[in-house]
Every structure is written in C-alpha cells, then in structure tokens.
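# Structure assessment
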Amino acid sequence: GGLAGGELLYLGGWTSVGKSAFALELARHITSHGRGVLIVSREMSRRLLAQRLLAQAAEIDALSLRSGRLGAGEAVLLRAALPAVRGLPLWVSDTAAGVEEIRRLLAEPRRPPIALLVVDYLQLLRAPAGIRERRLQVEALSQALKAIAVERDLPVVCLSSLARAGDDPKRPPVLSDLRESGELEHDADSVLFLHRPD
C-alpha cells in the first residue's frame, strides 16, 4: 500500500546497517516522480547527504566520492548521474533541531509541495522545553511527529536508533529494541526494521 498521508513510519536497525542510505533511496525514488521531499538530518551535514545521494544514484562507492579518488569508470557514472539528481525536488536541512523548526520548514511554500518528510533521526532532535526525563522527551517528540503527519496529511518516515543488541548483535531487531521509549510502537502506524544477518 505504500506510504499514506497522516502516517508515521519508524525505520530502525542496528548501527551502520544502512538506515540513512535506505531513507535517501526512498527520497530519491519519490522525487524522481516529481513529488517533493524534505529531509531533516541531525546526523549528517547537507554536503555529506548530497555526496551519498550522488553516490547512490551513480551506483559508486560513497567513500571514493568523499575522498576524491574516483576511478575512470566511476567518474563516468558520476557525470551521467548528475543531471538526474540536480533537478530533484529535494530539500535538506541540517540545522532544524526541533519540532517547531520542522513545522516552519514545512510551512514554506515549495513547488512541488512536500509529499514526504524524512527525519534522521528521532533521538537527535531537541526535546520540548520543560520535560526532564529522557523517556518522556522522546515520547513527546514522537507524538509531535505523528501530529505533523496528521495535520499536514503527509507521511513521515523517522529513523530511530535501537537499544544495544546485547549478547547477540546478529539477531533481528524487535519492537522492544526501539530506543528510549516503548511508546514509539504505539505512535507509529508502521515500524520497519533493516537487518543484515551476515
């Protein structure tokens, strides 16, 4: 059924499993169909996100692009991918730290209008003032993102870190692994876990 307006989807996974790469690929796919996407990243700078997006579009190693050590074949692939990526209706913010700033970004007129909000990631957002307990801070952020999804009738994909894997880091993640709040699974319409068994 895809992504629907008003829905909050959590994307979780152990460290370095590819959550940000997956979210970027999702954003690239949606923007390639002429629909606007806003990415709010508290983990990576706009420059790094742009490099990763280019590397994914060109199907080259992101580390090669980052270091500037591209092989001749990679340079050809990169040049071929640039025109397709350059015109995508994709907006990225690495400065919006809290929910109110996200609301302001969404309120700005854009063409085409924003059809998807991606937040990378929940636990790095600034918590509302006056809430001291970390669990309650995360719950308040989650509820605010769900409210944004409903108010603006757009899907929100929010990346979430997980609690430590414990004794078995190769085991598939489960709902109780969502970090710092058991309430996230109640706010979410869907929870998607990425897992690499090897």
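A quick note: this is a predicted structure, and the numbers were derived from the prediction, not measured.

If you add up the space inside the largest pocket, you get close to 420 Å³. Lining the largest pocket are 21 residues, with Trp14, Thr15, Ser16, Lys19 and Ser161 positioned closest to its centre. Only helix 1 (19-31) and strand 5 (156-160) provide two or more residues apiece to the lining of the largest pocket. Its residues assigned to classes, the lining of the largest pocket shows eight nonpolar, seven polar and six charged. Volume-wise, the second largest pocket comes out at about 250 Å³. Looking at the lining of the second largest pocket, the elements with two or more residues in it are helix 2 (46-58) and strand 3 (90-93).

Counting residues in hydrophobic clusters, the biggest one holds 29 residues, and the most contacted among them are Val37, Ile39, Leu90, Val118 and Leu159. Taken together, the elements giving at least two residues each to this core come down to strand 1 (8-12), helix 1, strand 2 (36-41), helix 2, helix 4 (72-86), strand 4 (114-120) and strand 5. Counting residues per element, this core draws most heavily on helix 2, which supplies six residues. In contact with Leu90, other than residues within four places in its own chain, are Ala27, Thr31, Val37, Ile39 and Leu53.

Think of a sheet as strands paired side by side through backbone hydrogen bonds, with each pair either parallel or antiparallel. One open sheet accounts for six strands, arranged 3-2-4-5-1-6; its pairing is parallel. In the strand order of this sheet, the two ends are held by strand 3 and strand 6 (190-193), each with one partner. Pairs of neighbouring strands in the sheet enclose a mean axial angle of 20°, with direction left out of account. Pairing of strand 4 with strand 5, which is carried by three bridges, proceeds in the parallel orientation. Looking across to strand 5, one finds that Val118 is bridged to Val157. Where helix 6 (residues 134-152) meets the sheet, its contacts fall on strand 1, strand 4 and strand 5, and the angle it forms with strand 1 comes to roughly 135°.

Taking 1.5 Å of rise per residue, 13 residues should cover 18 Å, and helix 2 covers 18 Å from first to last C-alpha, within 8% of that figure. Turning to helix 2, its buried residues are Leu48, Leu49, Gln51, Leu53, Leu54, Ala55, Gln56 and Ala58. In this fold, the buried residues of helix 2 make contact with helix 1, strand 2, helix 3 (62-67), helix 4 and strand 3. In the stretch just after helix 2, Glu59 is the one whose phi turns positive, near 60°.

Rules and cut-offs
Residues numbered from 1 in each chain as written. Predicted model: local features only at pLDDT ≥ 70, side-chain atom pairs only at ≥ 80, totals over all residues. Heavy atoms only, no water. 1 Å grid on protein atoms, 1.4 Å probe; cavity = no way out; pocket = protein on both sides within 12 Å on 5 of 7 lines; lining within 4 Å. Points joined across faces, edges and corners; volume = space filled by probe spheres on them. Helix = DSSP H or I, 4+ residues; strand = E, 2+ residues; numbered from the N terminus. Nonpolar A, V, L, I, M, F, W, Y, C, P; charged D, E, K, R; others polar. Core = buried A, V, L, I, M, F, W, Y, C linked by side-chain atoms within 4.5 Å. Buried < 20%, exposed > 50% of the residue type's maximum accessible area, 1.4 Å probe, protein only. Contact = heavy atoms within 4.5 Å. Pairing = 2+ DSSP bridges. Axes fitted to C-alpha atoms, helices over the stretch in contact; angles between N-to-C directions. Expected span 1.5 Å × (residues − 1).

Worth remembering: the numbers are spatial, not functional.
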